Amino acid sequence: MAGIEIDDSTRDTFQALADDAGVPLAEYLARLAEEKEHERALAKGADVFRQVTSYPATVSAFDAEFRGPAVQAGPRAA
């Protein structure tokens, strides 16, 4: 594994965060990287969702294929 250089202040901040989480610095940074990858994937998915649902024909085709939007049940009688 190649080392990277960061300033002391940044390293100290990361170390304090790792200490607060109760994990070694390397594990904390690995978790942070994974979390950021997930955030990026979710943002991309949200962008694609917004793009696809901006086309009424696409939404209509989806509703036709899957029998329209889900029906919410009303109050039930006792």
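For the structure, check the block above.
Criteria and thresholds
Residues numbered from 1 in each chain as written. Predicted model: local features only at pLDDT ≥ 70, side-chain atom pairs only at ≥ 80, totals over all residues. Heavy atoms only, no water. Helix = DSSP H or I, 4+ residues; strand = E, 2+ residues; numbered from the N terminus. Buried < 20%, exposed > 50% of the residue type's maximum accessible area, 1.4 Å probe, protein only. Salt bridge = Lys/Arg side-chain N within 4 Å of Asp/Glu carboxyl O. Phe/Tyr/Trp six-rings, centres within 6.5 Å; stacked < 30°, edge-to-face > 60°.

### Section: the overall build of the protein
Then, in step 1: Scanning the protein for helices and strands turns up three helices and zero strands.
Then, in step 2: Burial status across the protein gives 5% buried among its 78 residues.

### So, the pattern of salt bridges
Then, in step 1: With the rule as written, the count across this model stands at three salt bridges.
Then, in step 2: A salt bridge links E27 to R31; the nearest nitrogen and oxygen atoms lie 2.6 Å apart. Pair noted here: E27 and R31 are both in helix α2 (residues 25-53), with a separation of four residues, about one helical turn.
Then, in step 3: For R50, the salt bridge goes to D47, with nearest N and O atoms at 3.3 Å. Here R50 pairs with D47, and both are found in helix α2, just three residues apart, close to one helical turn.

### Topic: helix α3 (residues 56-65)
Then, in step 1: With zero of 10 residues buried, α3 is to be regarded as a mostly surface element.
Then, in step 2: Directly after α3, the chain includes R67, whose backbone phi takes a positive value near 65°.

### Details of the packing of aromatic side chains
Two descriptors summarise a pair of aromatic rings, namely the distance from one centre to the other and the angle between the planes of the rings.
Then, in step 1: Across all of its chains, the model carries one aromatic pair by this definition.
Then, in step 2: Considering the side-chain rings of F62 and F66, the 4.8 Å spacing of their centres and the 40° angle between planes classify their relative orientation as tilted.

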